[in-house]
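Residues per chain, in single letters:
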Amino acid sequence: MTEKEFKALVLPYKNLLFFVAKQIIEDKHEAEDIVQETYLKVWKARAKLDEIDNMKAWLCRITRNLAIDRSKQISKQKNLLPEEESYTEINFQPEEDSTKSKVQRIFDLLKLLPEIQATCFSLREADQLTYKEIASIVNLKESSVKVNVFRARKNLKALFLKQEKQLKYGKLG
């Protein structure tokens, strides 16, 4: 496989892979590194690429696994570092009306969900993957993916409404 063929096959998925990594890592630069690492792994396995049935799902699974591994490494490193003083930051935001700010709030709330729910929800809603594709990415049965997406929607709705109520009545927290 030539470099040009390789690029044509895998580069169209770069935004999806970045999104998958960023959902787990939450750091833009780390997510970019993970996507690069994914491409490196795939390049090394290029001789076997014609055996892959679902390239998108396979790439997402590699990216997800690398991001989880990296997240664990980061957690270990943080535990080894001496604790620093932390300060509570209070943001006073004007009332949010725009759709963009609500969408951003939903993405922020996704971080509060269990990882599997957030991943399934994001792949379904943001990337519009089928339940079958998501199942092959996260190594679950299709029915389990549906349950996780349903629970994520339910939990997000509850969190969003709670936050709306707090904003409405001016409570911090």
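Right above here is the structure, for reference.
Residues numbered from 1 in each chain as written. Predicted model: local features only at pLDDT ≥ 70, side-chain atom pairs only at ≥ 80, totals over all residues. Heavy atoms only, no water.

(A) Representation of unusual backbone geometry in the model. For Asn139, which is not glycine, the phi torsion reads 60° and is therefore positive. With respect to the helices and strands, the residue Asn139 is situated in the loop between α7 (131-138) and α8 (142-168). For Asn139, a relative accessible area of 57% gives the class exposed. (Helix = DSSP H or I, 4+ residues; strand = E, 2+ residues; numbered from the N terminus. Buried < 20%, exposed > 50% of the residue type's maximum accessible area, 1.4 Å probe, protein only.)

(B) Highlighting the packing of aromatic side chains. All chains considered together, the criterion is met by one aromatic pair. For the pair Phe6 and Trp43, a centre-to-centre distance of 4.9 Å together with 80° between the ring planes defines the contact as edge-to-face. With Phe6 in helix α1 (residues 3-10) and Trp43 in helix α3 (residues 28-44), this residue pair connects regions lying 37 residues apart in the sequence. Residue classification places Phe6 among the buried residues on the basis of a relative accessible area of 8%. For Trp43, a relative accessible area of 28% translates into the label partly exposed. Sitting over the face of the ring of Trp43, Arg46 holds its NZ or CZ atom 3.8 Å from the ring centroid. The positively charged end of Arg124 is found above the aromatic ring belonging to Tyr131, 4.0 Å away from the centroid. (Phe/Tyr/Trp six-rings, centres within 6.5 Å; stacked < 30°, edge-to-face > 60°. Lys NZ or Arg CZ within 6 Å of the ring centre and 35° of its normal.)

(C) Up close: the environment of Arg105. You can see Arg105 is positioned in helix α5 (residues 99-110). Sequence separation between Arg105 and Gln163 is 58 residues; the distance between their C-alpha atoms is 9.2 Å.

(D) α7, seen in detail. For α7, the tally of buried residues reaches six of eight residues, placing the bulk of the element in the interior. Asn139 sits one or two positions beyond α7 and adopts a positive phi of about 60°.

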